[in-house]
Amino acid sequence: MSAALGEIRISVQNLVKRFGEFTAVNDVSFEARSGEIIGFLGPNGAGKSTVMRILCGLLRPSGGQAWVAGFDVARDPEKVRENIGYMSQKFSLYGDLSVMENLHFFGGIYGVTGARLAQRVQFAVQMAGLEGRETALVSTLSGGWKQRLALGCAVLHEPSILFLDEPTSGVDPASRRKFWELIYQLAAGGVCVIITTHYMDEAEYCNRIALINQGRMVALGSPSELKRRAIHGTIVQVDCDNNGLMLAALEQMPAVREVAPFGAALHMILEDPARDLPVIEAALNARNLRWRGVETIRPTLEDVFVALVSAPPVRDTAA
Amino acid sequence: MKLQRLKAIAKKELIQVWRDPRSLMIVLLMPLMQMALLGYGVSLDIQHVPVCTYDRNGSPQSQDLLKLFEASPYFKIVRDASSYHEVSQALDRGDCKIAIVVPPDFSQHLDTAQATPVQALLDATDDNTASIAMGYAQAVIQTFSAHVQLLRQQATGQPPLKVATQAQSRVWFNEDLESRNFVIPGIVAMVLALVGAQLTSLTLSREWERGTMEVLISTPVTRFELMLGKIAPYFLIGMLDAALCLSIAVFWFQAPFNGAVTTLILTTALFLLVVLGLGYLISAGIRSQVGASQVALLVTMLPTTLLSGFTFPIDQMPAPIRAITFLVHSRYYVTILKSIFLKGSSLLQLGLPILMLVIYAAIIGILATRAFRKTLD
């Protein structure tokens, strides 16, 4: 954690990864700095994990370049590995080993010894909230504990860069919140954190978000920045009885710039609600359709995502 | 290479074996069971061959002959037939392997000092057993004729005939010519080859299957450290298994041991390295535990049974097959074990097979390190 705050720790240029005919990562570029939390947001199979695995030296890039902690991931993967901590999507600890045995194993692998090992192990046990359960087999722990212990193992050697691949999937909301507190602590200490998720609400916690769809980075910026840039107009939530018919009708109206289902309701984007809403309502009445209520709302990242998935990729302009 | 990383992996592996019932079974039960099964099952000596007798003569002389068969440890009379039909039935059903038929004029011929034939009918579906049984039967009948000859000479008052020359043979190294004495060391080699490869064949595939490999390869551990760290604990376990099997061979099956214990330990350690390395190599190539274990079984079992010289003598194989045996690791260890057990050979005398095993270990080591890649591609 010696890196000064704001120092560039990861630099990616035109990264490409192909598996046969399939292009999993297509021309991705960005930079990440120490103390920053960057979230990779996108649907399953978008290429988030593939980017992360390339940055960990687990997959060789097919094109482009990537430097992690100043080392080229394709040429110097071992140097990269000394500087990173990685939590894979699958649960990655040894279930048939106890909490302590897992921690000591990773300590040994990362070359943490003596007093420092004792201090780091104690830190990890505390962080995971596993005091008193040090001798329990990891397979007997519940999801939240396992996940915090996995984080503890990944940061045992105090890496300056941390990769977390969907760390919170399958974990209860209270545990997720605790987990994010830990991530904030690490980032405050100067760690550069890259995290993938498909929880939109979770992405709001990140300093910057990289929206990834079909292997491309569609947008990169802070959550508020993305909302400002991607949404031109105001989002109006429509509650009605028949979403299907309503969606079809709204799609045809010139005043409606964009409309999409959102949970149990519809979200539409209007340039000026005060002017457009009466016109739309009249047009709906003519078709014998009516809404139960309309409400102007602040855009969420999901709105941003819907607005951007069809748009061309945006280069990193935030740094 | 960092010793600390190697130790971390070895320790973890040892804990995992200890807590995994399947691995424990391979470690403890497999060698015991195989030693017992093969030790009792594989014997090239033939004893208690079932015999059917058909005495068409029914004289005291014919009964004397058949009593000799009864007294022989090689035969066991299971049936006394009263017709040819019954004899052929017994052979057809497999009740007996050999039938001895005494002709009706047996005693008359003997009384008039004529040569008399005795018929032996053999089931040669297993030609090896049949020819050995035939040999034993001839020996029994020879004993009987010698006895008859002696009686005749005594009756006529002649001195016994002197044989002009006689070959006095003495068999070295396995004085009793007991096949068990050379089969048992071969069995030890086979058990170690099987168990050793099984043990390490699971170690990498287990990490792949449980999803722990992805994180393991994201750490700075090197391929060489990983290999040594994973083989080291199984080496200790393998040496314990070897001690167990060799003790069973010597103390239970009473295989004669004429060599030096240090020679045995050193050569066994070398063979174990080869076998464990081979299992690791298989594990590097196959990511499922079941698949890896089956390939390990196939790769060790067949060549060791057929081509190591354990059951079939290598000298009697056709040249192309003999050439293939040079690729079979257990061939060298079988040679070494037999030599140590029966001849008491020293390390120096075993120089050639030891050298071959060293070369084997080096090649496997290089291949195994290279076969594993720290990537998901």
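Here, residues in each chain are numbered from 1, in the same order as that chain's written sequence. Working convention: letters from A go to chains and numbers from 1 go to ligands, in the order in which they are written. Two thresholds apply to this predicted model, a pLDDT of at least 70 for residue-level local features and 80 or more for giving and counting side-chain atom pairs, whereas whole-chain, interface and lining totals are computed over all residues.

### Focus: the overall build of chain A
Turning to step 1, where the next piece is worked out: Each helix corresponds to a stretch of at least 4 residues labelled H or I by DSSP, and each strand to a stretch of at least 2 residues labelled E; elements are numbered beginning at the N terminus. In terms of regular secondary structure, chain A is built from eleven helices and 14 strands.
Turning to step 2, where the next piece is worked out: Counting other C-beta atoms within 10 Å of each residue's C-beta, where C-beta atoms are placed from the backbone, gives the exposure class: buried for 20 or more, exposed for 12 or fewer, partly exposed between. Classification of the 319 residues of chain A by burial places 46% in the buried group.
Turning to step 3, where the next piece is worked out: Working definition of a contact: two residues with C-beta atoms, positioned from the backbone, lying within 7 Å. Restricting to contacts in chain A with at least 6 residues of sequence separation, those with at least 24 account for 71%.

### Describing the interface of chain A and chain B
Turning to step 1, where the next piece is worked out: The interface of chain A with chain B comprises 23 residues on the first partner and 22 residues on the second.
Turning to step 2, where the next piece is worked out: At the level of elements, helix 2 (77-83) and helix 3 (99-109) of chain A are the ones that each hand at least two residues to the side of chain A that touches chain B.
Turning to step 3, where the next piece is worked out: By residue number, the principal contributor to the side of chain A that touches chain B is helix 3 of chain A, which donates four residues.
Turning to step 4, where the next piece is worked out: For this scheme, ten residues count as nonpolar: Ala, Val, Leu, Ile, Met, Phe, Trp, Tyr, Cys and Pro. Four count as charged, namely Asp, Glu, Lys and Arg, and the remainder, Gly too, count as polar. Residues that form the side of chain A that touches chain B fall into these classes: ten nonpolar, five polar and eight charged.

### Let's talk about unusual backbone geometry
Turning to step 1, where the next piece is worked out: Phi at Asn 288 of chain A takes a positive value of approximately 70°, unusual for a residue other than glycine.
Turning to step 2, where the next piece is worked out: Of note, Asn 288 of chain A is situated in the loop between helix 10 (273-286) and strand 14 (293-297).
Turning to step 3, where the next piece is worked out: On the neighbour-count criterion, Asn 288 of chain A (8 C-beta atoms within 10 Å) is exposed.
Turning to step 4, where the next piece is worked out: Phi is positive for Gln 254 of chain B, close to 60°, though the residue is something other than glycine.
Turning to step 5, where the next piece is worked out: Along the chain, Gln 254 of chain B falls in the loop between helix 10 (223-252) and helix 11 (261-285).
Turning to step 6, where the next piece is worked out: The exposed category is assigned to Gln 254 of chain B, around which 12 C-beta atoms lie within 10 Å.

### Overview of the confidence of the model for chain A
Turning to step 1, where the next piece is worked out: Per-residue pLDDT for chain A has a mean of 89; in total, 95% of the residues score no lower than 70.
Turning to step 2, where the next piece is worked out: Low pLDDT, under 50, characterises residues 312-319 of chain A; the predicted model gives this stretch 17 contacts beyond four residues in sequence or across chains. As a per-residue measure, pLDDT tells how confident the predictor is, with possible values from 0 to 100.

### Points about the domain arrangement of chain B
Turning to step 1, where the next piece is worked out: Structurally, chain B comprises domain 1 (3-42 + 178-371) and domain 2 (49-156).
Turning to step 2, where the next piece is worked out: Source of the domain bounds: an automatic or database domain assignment. Inter-centroid distance (C-alpha atoms) of domain 1 of chain B to domain 2 of chain B is 48 Å.

### A few points about the sheet that holds strand 4 (residues 119-122) of chain B
Residue and element names in this part refer to chain B.
Turning to step 1, where the next piece is worked out: If you trace the four strands from one edge of the open sheet to the other, you get 2-1-3-4, paired in mixed fashion. Looking along the sheet, the strands with just one partner apiece sit at the ends: strand 2 (75-80) and strand 4. Put simply, the sheet's adjacent strands are angled 30° from each other on average, direction ignored.
Turning to step 2, where the next piece is worked out: Think of it this way: DSSP has to see at least two bridges between two strands before they count as a pair. Direction of pairing for strand 1 (residues 49-55) relative to strand 2: parallel, over a ladder of five bridges. Opposite Cys 52, over in strand 2, you have Arg 79 as the bridge partner. To get an axis, a line is fitted to the C-alpha atoms, and for a helix only the part in contact is used. The angle between two axes follows their N-to-C directions and goes from 0 to 180 degrees.

### A closer look at helix 15 (residues 351-371) of chain B
Turning to step 1, where the next piece is worked out: Helix span, expected: 1.5 Å multiplied by one less than the number of residues in the helix. Between its terminal C-alpha atoms helix 15 of chain B stretches 30 Å, which fits the 30 Å expected from 21 residues at 1.5 Å a residue.
Turning to step 2, where the next piece is worked out: Close packing links the buried residues of helix 15 of chain B with helix 10, helix 11 and helix 14 (329-343) of chain B.

### A short note on the environment of Pro 61 of chain A
Residues and elements named next belong to chain A.
Turning to step 1, where the next piece is worked out: Following the sequence through the fold, Pro 61 ends up in the loop between helix 1 (48-55) and strand 4 (63-68).
Turning to step 2, where the next piece is worked out: Using a count of 22 C-beta atoms within 10 Å as the deciding quantity, one classes Pro 61 as buried.
Turning to step 3, where the next piece is worked out: Spatially, the C-alpha atom of Pro 61 lies 6.1 Å from that of Val 16, the residues being 45 residues apart in sequence.

### So, helix 2 (residues 21-41) of chain B
For an α-helix, the turn length of 3.6 residues means that residues three or four places apart are oriented alike.
Turning to step 1, where the next piece is worked out: A residue's bend is the angle separating two fitted axes: one through the seven residues that end there, the other through the seven that start there. Its axis deflected by about 40° at Leu 29 of chain B, helix 2 of chain B carries its strongest bend there, up to four residues before the proline Pro 31 of chain B.
Turning to step 2, where the next piece is worked out: By the burial criterion, the buried members of helix 2 of chain B are Ser 23, Ile 26, Val 27, Pro 31, Met 35 and Gly 39 of chain B.

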